[in-house]
Structures are given as C-alpha cells and as structure tokens.
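Structural overview
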Amino acid sequence: MTTTADALQTAFSPCPNDTFVFDAWAHGRVPGAPELDVTFADIDITNGMAERGEFDVLKVSYAVLPWVLDDYALLPCGGALGRGCGPLVLTREPGVDLTGKTVAVPSERSTAYLLFRLWAADVVPGKVGEVVVMPFDEIMPAVRDGLVDAGLVIHEARFTYQNYSLHKLADMGEHWEATTGLPIPLGAIIAKRSLGEARLRELAEAARTSVRMAWDDPAASRPYVLAHAQEMDPAVADQHIGLYVNEFTAELGEDGYAAVRGLLERAAAEGLVPPLGRDALNFP
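What this report covers is the structure whose coordinates are included nearby. (Residues numbered from 1 in each chain as written. Predicted model: local features only at pLDDT ≥ 70, side-chain atom pairs only at ≥ 80, totals over all residues. Heavy atoms only, no water.)

Applying the stated criterion across every chain yields a total of one cavity of 30 Å³ or more. Reported here for the largest cavity is a volume of approximately 250 Å³. If you trace the largest cavity, you find 18 residues lining it, with Ile43, Ile154, His155, Leu186 and Gly187 closest to the centre. A class-by-class count of the residues in the lining of the largest cavity yields eight nonpolar, eight polar and two charged. (1 Å grid on protein atoms, 1.4 Å probe; cavity = no way out; pocket = protein on both sides within 12 Å on 5 of 7 lines; lining within 4 Å. Points joined across faces, edges and corners; volume = space filled by probe spheres on them. Nonpolar A, V, L, I, M, F, W, Y, C, P; charged D, E, K, R; others polar.)

With that settled, consider helix 7 (residues 172-180). Listed as buried for helix 7 are Met172, Gly173, His175 and Trp176. Down the axis of helix 7, the smallest arc covering the buried residues is 160°, so these residues share one side. Packing partners of the buried residues in helix 7 comprise strand 6 (88-91), helix 4 (111-123), strand 9 (150-153), strand 10 (167-171), strand 11 (184-192) and helix 12 (253-269). Capping of helix 7 at its N-terminal end is provided by Asp171; its side-chain oxygen lies 2.8 Å from the backbone amide nitrogen of Gly173. Trailing helix 7 by a residue or two, Gly181 shows a phi angle of about 75°, which is positive. (Buried < 20%, exposed > 50% of the residue type's maximum accessible area, 1.4 Å probe, protein only. Helix = DSSP H or I, 4+ residues; strand = E, 2+ residues; numbered from the N terminus. Arc of directions from axis to C-beta. Contact = heavy atoms within 4.5 Å. Polar contact = N/O pair within 3.5 Å; in protein donor to acceptor, adjacent residues only side chain to side chain.)

The next subject is the pattern of salt bridges. A pair can form between side chains of opposite charge whenever their charged atoms are brought close. The full count for this structure, using the stated rule, is 14 salt bridges. Note that Arg83 and Glu177 form a salt bridge whose closest N and O atoms lie 3.5 Å from each other. With a gap of 94 residues between them, Arg83 in the loop between strand 5 (80-82) and strand 6 and Glu177 in helix 7 connect regions that are remote in the sequence. On the accessibility criterion, Arg83 (41% relative accessible area) is partly exposed. A salt bridge links Glu205 to Arg208; the nearest nitrogen and oxygen atoms lie 2.8 Å apart. Taken together, the residues span about one helical turn, with Glu205 and Arg208 both in helix 8 (residues 197-216) at a distance of three residues. (Salt bridge = Lys/Arg side-chain N within 4 Å of Asp/Glu carboxyl O.)

By themselves, these are just geometric observations and shouldn't be taken as functional.
In structure tokens, the structure reads:
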C-alpha cells in the first residue's frame with residue numbers, strides 16, 4: 001500500500017493484537033482517519049523510538065511513559081490491558097529460586113520488566129542476578145538451551161511455552177491482580193503532542209473505530225494478521241487476539257486509567273521510574 005508525504009509515521013509490533021487493531025486504519029478503511037505509514041518493530045525498538053522522539057504514533061510499553069509524556073500523549077484507546085494476560089517467568093525446572101540467576105527479558109523499559117521487578121521485590125528472597133535483554137521470540141529457546149536461567153515472556157508465549165518443555169515459575173499478572181485488584185497495563189498507543197489537540201482526538205477516534213471494525217468483521221483483518229504473525233499457528237493468533245484485545249482496547253475507562261496510574265506510581269515509589277506529573281496522563 002503506497003502512502004503520501006502527509007501520512008503519519010507509525011510503528012507497532014507485528015503481533016496479532018496490534019495488526020488486528022490497526023488493520024482497518026492502516027488500510028484506509030476508517031472513514032476520515034489520518035493516513036498511516038506503518039513500520040513494524042519489536043516493543044523494545046518502539047520504546048526507544050519514543051524516547052528519541054521518532055515517529056508520530058507508536059505502540060509502546062506503559063512502563064516507558066514516564067520518560068516520554070512530555071512529547072507524547074497517551075491515547076485513551078487502542079492499547080493492551082486486561083486480566084489473566086500477564087507476562088510469565090519460565091524456567092527449565094519447576095520451583096527455581098531466582099536469587100543470583102540470569103534472566104532474559106524483552107526490554108528493560110517494558111511493562112513486563114516493571115511487573116517482574118515489582119514481583120521479584122516481593123517474592124525473590126535475594127536479588128536476581130544478571131538481566132539480559134533479547135527479542136521476545138528468542139527468550140524461550142535461550143531458556144531451553146541453558147543460555148539463561150529464566151526468561152520473562154510475553155505475547156503468544158503464554159500458549160506455547162510447553163512446546164519448549166519449560167515450566168511456569170510465576171505469572172506476573174496474577175501477582176499484580178492479587179496485590180492491586182486492577183487490570184494489567186501492558187501496551188499503550190501514544191501520539192506526538194505537537195500534532196495538536198484536534199488531530200490527537202482524530203487519532204483516538206480512528207483507533208477506536210478501527211478496533212470496532214475489526215470486531216464487527218474479524219475475517220477482514222485475518223490476511224494482515226497472519227501475514228505478520230511470524231509463522232504463528234492461526235489458532236494461537238486467535239487466542240492472542242482474544243486475550244489482548246478487549247473492552248480496554250476500545251476505551252481505557254476508569255479502571256484502565258487507575259491501572260496505569262497505579263503501576264507507574266508504585267514503580268516510582270520503588271525508584272524504578274521517574275515520578276509522573278499530575279496531569280501527565282490527561283488526554284486533550
């Protein structure tokens with residue numbers, strides 16, 4: 001699909017939930033929506049893009065927001081929050097004590113890593129050892145092959161880790177929900193504040209409409225989803241979408257905002273992220 005010079009530079013992951021959400025918008029089927037020029041990138045890459053102020057619209061980790069909200073606004077829709085969808089810590093053997101152990105993570109600025117740090121502070125009797133950042137699709141093979149002692153996994157790994165003969169040591173989402181009662185904030189859609197309030201509202205409405213169009217006609221997005229699903233089994237792609245695209249994707253709402261604020265305020269209290277400004281999460 002060709003784009004014009006006015007298209008908004010946009011980056012999100014090739015994961016099924018993102019391609020499902022953005023399909024109608026990216027392909028010009030959302031009436032009146034701003035045109036997108038899409039780049040696919042892993043979440044660690046998009047987090048870095050946001051910190052450098054690159055691209056107009058990005059899917060990032062909620063954990064990176066304290067570093068980027070001066071330049072970007074959080075859109076109230078299009079992202080990933082939910083229940084029962086948290087990152088997992090996987091090991092080769094059950095019941096491993098992670099004290100001093102090497103752990104692979106998808107990004108040190110990821111929400112998964114933030115949830116892991118909060119969990120480890122409560123649960124691991126000593127300090128975790130070296131943390132190694134690697135693309136999320138390389139983490140399970142690295143654990144299986146003994147290159148690292150444990151791996152923090154996201155996305156469809158929830159459904160496939162048994163294929164690598166791995167064990168679930170802990171579910172970060174279960175810990176978060178048990179200690180807060182809130183849904184799990186994972187990925188956010190942000191857009192440059194310099195686009196102006198009117199354009200930001202247009203973007204939010206386009207994201208919301210794109211989600212609803214995907215729900216109304218799931219078959220329309222299927223070619224786009226499967227083309228970028230990294231050889232994922234179609235049934236796993238459907239599970240992935242069902243878990244990560246939900247009512248919070250259409251609208252963060254009161255519980256969604258409470259979850260985001262709760263995560264970042266708790267993390268700031270632990271010294272893991274800078275404190276949020278009072279109005280940092282406000283949307284125009």
